[in-house]
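Residue-level structural notes
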Amino acid sequence: MMKQNFLFLLLLLLAGCENDLTDPLTPGALVPRTVDQDSSLPSLNVNGTLLHVESFGNPSDPILVVLHGGPGGDYRSLLNATDFAEAGFFVVFYDQRGTGLSERVDRSQFTAAQIMIDDLHALIDHFQTSDEQKVFLLGHSWGAMLASGYIDQFPNQIDGAILAEPGGLTWDQAKDYVSRANEIKIFSEQVNDALFPEQIFAGRDEHEILDYKAAYFATFENAPGNTIGNAGPYPFWRNGAVSADELIKRAEESGFDFTTHLPEYHTKVLFAYSELNTAYGLNWAQQVGAPYPNVEYFEVKGSGHELLYFGWDNFYPEALTYLNELK
């Protein structure tokens, strides 16, 4: 399996070499430009940083904030959720701090996951026009964990939540899930040097180098025979490697627990898990969702972990029914 995955990665690396690397200082040559480098990208200043933000639908409709996975992912693979705008919801997407096409920030900003909760709070405050306008969260993977962390602190702010395969709502749960979901967890220095000769990175800053490397390391989770059941690669713009690295380090140092006040949140939560992710399943979904007093579980057939991309046709009707019940 290691050899198969290695060849898969090499093919993707060669495919990615179409970028012009002759001038290593040209923004966008190695990885896509971020909102501070490209003013044509939609953005919003949130808590002192520029985030890549898009919205769809009528701003007076109930708000649905879509939270991508990672940490360090982006929302490109979740854009199917624009369908909710046609169903009467104001849908907001954003790349989280230091991820996707959002501005890159210093490592020192990621002292804890709290900064991500604070950004979400500020984003909701920006778009919510009145206290009567309902707010819903749709989170995938790490995004579902972030949604739970937000509800744990602001339960009265959220009128409903859809959680799609959160790894865990405590650090112990997250470690358990990741240990089962990732077949390959680390790369040797020899592999790193072979795949990424340093000449490619001359003149580049840390964010560009690490984001570029992370894009190829991440492809292992989608290689043939992957544990989490993905049918293949899914679209993304740019990894946020520093964001991911620092948030994981903080969790390793101090842990996290997003469940303290969840038993006080009595609104029904919709919990989606995929048919093909062998590291998840109903039993794990029920363990993760247990702190919520009112949960509806449903299996997304024919999909693995990236169920909002590969399993959209089976996910969307259930999700829309749930939202319409609370709308």
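Structure's up top.
Here we summarise the structure given alongside this text. (Residues numbered from 1 in each chain as written. Predicted model: local features only at pLDDT ≥ 70, side-chain atom pairs only at ≥ 80, totals over all residues. Heavy atoms only, no water.)

**Some words on helix α8 (residues 241–254)**
- The terminal C-alpha atoms of α8 lie 20 Å apart, and with 14 residues this matches the ideal 20 Å at 1.5 Å per residue to within 8%.
- Within the sequence span of α8, burial applies to A241, V242, S243, A244, E246, L247, R250 and A251.
- In the segment just after α8, G255 is the residue with positive phi, at about 70 degrees. (Helix = DSSP H or I, 4+ residues; strand = E, 2+ residues; numbered from the N terminus. Expected span 1.5 Å × (residues − 1). Buried < 20%, exposed > 50% of the residue type's maximum accessible area, 1.4 Å probe, protein only.)

**Brief notes about the sheet that holds strand β7 (residues 269–274)**
- A sheet is described by the order of its strands in space; here eight strands give the open sequence β1-β2-β4-β3-β5-β6-β7-β8, paired in mixed fashion. Since the sheet does not close on itself, it has two edges, and those belong to β1 (43–46) and β8 (295–300), each with one partner. Between one strand and the next, the sheet's axes are offset by a mean angle of 25 degrees, whatever the strand orientation.
- Bridge count for β1 against strand β2 (residues 49–56) is four bridges, and the pairing is antiparallel. Note on β2: the bridge partner recorded for S43 is H52.
- Of the strands in this sheet, β1, β2, β3 (63–67), β4 (90–94) and β5 (135–140) touch helix α3 (residues 114–127), which is tilted by about 115 degrees from β1.
- Most of the contacts of helix α11 (residues 312–326) go to strand β6 (residues 160–164), to which it runs at about 160 degrees, and overall it touches β3, β5, β6, β7 and β8. (Pairing = 2+ DSSP bridges. Axes fitted to C-alpha atoms, helices over the stretch in contact; angles between N-to-C directions. Contact = heavy atoms within 4.5 Å.)

**What about helix α5 (residues 171–181)?**
- Turning to α5, its buried residues are W171, Q173, A174, Y177 and A181. Down the axis of α5, the sector holding all buried residues measures 155 degrees, keeping them to one side.
- In this structure, the buried residues of α5 make contact with α4 (142–153), α8 and α9 (281–289). (Arc of directions from axis to C-beta.)

**Quick look at the pairing of β4**
- Where burial is concerned, most of β4 is hidden: five out of the five residues are buried.
- A two-sided burial pattern is seen for β4, the buried positions comprising F90, V92 and Y94 on one face and V91 and F93 on the other.
- Pairing geometry for β2 and β4, over four bridges, is antiparallel. Directly across from E54, in β4, lies its bridge partner F93.
- Pairing between β3 and β4: four bridges, direction parallel. The residue of β4 that forms the bridge with I63 is F90.

**Observations concerning the packing of α3 against α4**
- Relative to each other, α3 and α4 sit at 75 degrees, their axes nearing to 10 Å. The orientation of α3 with respect to α4, classified from their angle, is roughly perpendicular. Along its contact with α3, which presents Q114, M116, I117, L120, H121 and I124, the element α4 presents W142, L146, G149, Y150 and Q153.
- Its residues placed into classes, the contact of α3 with α4 shows seven nonpolar, four polar and no charged. (Parallel < 35°, antiparallel > 145°, perpendicular 65-115°, else oblique. Nonpolar A, V, L, I, M, F, W, Y, C, P; charged D, E, K, R; others polar.)

**Section: the pairing of β5**
- The buried fraction of β5 amounts to six of the six residues, a majority that puts the element mostly inside the structure.
- Where burial is concerned, the two faces of β5 agree: the one with V135, L137 and G139 and the one with F136, L138 and H140 are both buried.
- Inspection of the sheet shows β3 paired to β5 by five bridges, in the parallel sense. What sits directly across from V65, in β5, is L137.
- With five bridges joining them, β5 and β6 adopt parallel strand pairing. In the sheet register, L138 faces β6, and the bridge partner there is I162.
- In this fold, β5 hands off to α4, which returns the chain to β6; that crossover is right-handed. (Right-handed = clockwise from strand over helix to strand, strands pointing away.)

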